Amino acid sequence: MIKSLDPRIDRAKLTHDAIEPLKEMDQFQTFEVFHQTKRGQQHVHVGVVHAPNADMAILYAKEQYARRGETANIWVVSSEHVSATDYFDQDIFETTPEKFHRDPASYKVMDRIKAYKERVKA
Amino acid sequence: MDFFNDKHVEAAKDLIYKMADDQLIIGHRNSEWTGLGPILEEDIAFSSMAQDKLGQSEHLYNLLHELGEADADTVAFTRNENQFHCCHLLELPIGEYDFSLIRHFLFDMAEAVRFEMLVESSYENLALLAKKFKGEIKYHTMHANTWLQQLATGNEESKARMQNALNEAWPLALGIFEPGDSEDVLKEASIFEGEAVLEAKWLEEVTALLNKAGLTIPAGVTAEYGGRKGKHTAHLQPLLDEMTEVYSIDPTADW
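The structure presented is a predicted model; accordingly, all values stated were derived computationally and were not measured.

(A) Broad picture of a nonpolar patch on the surface. On the surface, a cluster of nonpolar side chains totalling about 430 Å² of accessible area is made up of Y107(A), V109(A), M110(A) and I113(A). The topology assignment puts I113(A) in helix α3 (residues 109–121).

(B) Spatial organisation of the sheet that holds strand β2 (residues 44–51) of chain A. Residue and element names in this part refer to chain A. In space, the three strands of this open sheet follow the order β2-β1-β3, with antiparallel pairing throughout. At either margin of the open sheet sits one strand with a lone partner, and together these are β2 and β3 (73–78). With direction set aside, neighbouring strand axes in the sheet form an average angle of 30 degrees. Most of the contacts of helix α2 (residues 54–65) go to β2, to which it runs at about 125 degrees, and overall it touches β1 (29–36), β2 and β3.

(C) Molecular detail of the environment of L36(B). Residues and elements named next belong to chain B. Summarising the element assignment, L36 is placed in the loop between α1 (6–31) and α2 (40–66). On the basis of relative accessible area, L36 is assigned to the exposed category, the value being 56%. Put simply, L36 and K231 are 195 residues apart on the chain and 30 Å apart in space, counted from C-alpha to C-alpha.

(D) Just α3(A), in detail. Taking 1.5 Å of rise per residue, the 13 residues of α3(A) would be expected to cover 18 Å, and the 19 Å separating its terminal C-alpha atoms lies within 8% of that figure. Buried residues are scarce in α3(A), accounting for zero of its 13 residues.

(E) Spatial organisation of the environment of S122(B). Residue and element names in this part refer to chain B. Note that S122 resides in the loop between α5 (97–118) and α6 (124–132). Its relative accessible area of 29% is what places S122 among the partly exposed residues. Through-space distance from the C-alpha of S122 to that of G226 is 28 Å; in sequence the pair is 104 residues apart.

(F) Main features of the interface of chain A and chain B. Taken together, the contact pairs 13 residues of chain A with 12 residues of chain B. Here chain A meets chain B over a buried area of about 1,100 Å², counting both sides, of which 65% is carbon and sulfur. Broken down residue by residue, the surface that chain A buries against chain B is led by L59(A), Y60(A) and E63(A), which jointly contribute 46%. Linking chain A with chain B are zero salt bridges. At seven residues, the largest contribution of residues to the side of chain A that touches chain B is made by α2(A). A class-by-class count of the residues in the side of chain A that touches chain B yields six nonpolar, three polar and four charged.

(G) Representation of α1(B) in the model. All names here are of chain B. The end-to-end C-alpha distance of α1 is 37 Å, a good match for the 38 Å that 26 residues give at a rise of 1.5 Å each. Judged by how many residues are buried, α1 sits mostly within the fold: 21 of 26 residues are covered. Its side-chain oxygen 3.0 Å from the backbone nitrogen of K7, N5 forms the N-cap of α1.

(H) How the structure looks around the pattern of salt bridges. All names here are of chain B. Inspection of the entire model under this criterion finds 15 salt bridges over all chains. The shortest N-O distance in the salt bridge between R79 and D21 comes to 2.8 Å. With R79 in the loop between α3 (72–78) and α4 (88–91) and D21 in helix α1, the pair connects residues that are 58 residues apart, well separated along the chain. Since its relative accessible area comes to 0%, D21 is described here as buried.

Calculation notes
Residues numbered from 1 in each chain as written. Chains lettered and ligands numbered in written order. Predicted model: local features only at pLDDT ≥ 70, side-chain atom pairs only at ≥ 80, totals over all residues. Heavy atoms only, no water. Patch = residues over 30% accessible without salt bridge, like charges linked within 9 Å, V, L, I, M, F, W, Y side chains within 5 Å. Areas by Shrake-Rupley, 256 points an atom, 1.4 Å probe, with all protein chains shown as cover. Salt bridge = Lys/Arg side-chain N within 4 Å of Asp/Glu carboxyl O. Helix = DSSP H or I, 4+ residues; strand = E, 2+ residues; numbered from the N terminus. Pairing = 2+ DSSP bridges. Axes fitted to C-alpha atoms, helices over the stretch in contact; angles between N-to-C directions. Contact = heavy atoms within 4.5 Å. Buried < 20%, exposed > 50% of the residue type's maximum accessible area, 1.4 Å probe, protein only. Expected span 1.5 Å × (residues − 1). Buried area = accessible area lost by both parts, 1.4 Å probe. Nonpolar A, V, L, I, M, F, W, Y, C, P; charged D, E, K, R; others polar. Polar contact = N/O pair within 3.5 Å; in protein donor to acceptor, adjacent residues only side chain to side chain.

Quick look at the structure:
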């Protein structure tokens, strides 16, 4: 199994013998970058940067992911701090579709919204 | 136009020429790291800042054009070496990354203070540019200072390298503030408070950050002057030859 400084590589569970694991200090750890376009909007994951620590990661995140277009704020989070599901367990997301009791389609709210709008207009 | 007379226009030109030349030359120098940076992210960040510098120089050359000088390309690419007013610090080759980082720190800190002062300039178009560059320069100094603190407190080798680079760059950095011929006129017209005031403010700021990094400012150093008067090191001419190589093939080409 390939053991990497990058947890994403570890999660991929690579077993290729030809790939030599990197020596310590051969590369920096990774940070996940989250970008916020406008204040109040949610931060969206946009990618990763290599950096020795969070301060440097912010410097790099700005140039890699906020060089063009509008930016209000950036978060960086050490990739080590991300907990993830295992792809082996991907079937947990496959739920059976026949659950009408979960389906919001039968709520009659639109009638009430329409009635309200007409009342306001009048 | 907010000038009183021709004397003020000439003084403003002196000031803007040296600022524009500084930006053009350091922009070109730092772009030499493109493709060679220590890691991909740093390569992109440093190259991007070099592009910012070129962009700033173009804005400043355009300002000179408004004051009656030739257009930006002509001024940037057709002058002789002795018509450039950049300081020696920026002409020197990129050296190793420690030198390039220390130069980046010392020069960009001076730029930040200079533009902060120019926000108050009576020359309105220059004050507007100073405001416009504020964000870019803030990032440049943030980048420089983060690296400085990082390497100066890293291990013995990184600390020794930063100290050696500082020793080498310090007399050259003091050359940024070589007084021009128009200091009094600039002050009298409230265009710019002058190099001496700038140097004092810069010294206060860099001293605090260098102390924090545990580096020692070399004592008893003489400032290296000459650049502002068109006297340059042997490194500028080869840089200009390379920079103007493509332009010289066909100066009338449309890009």
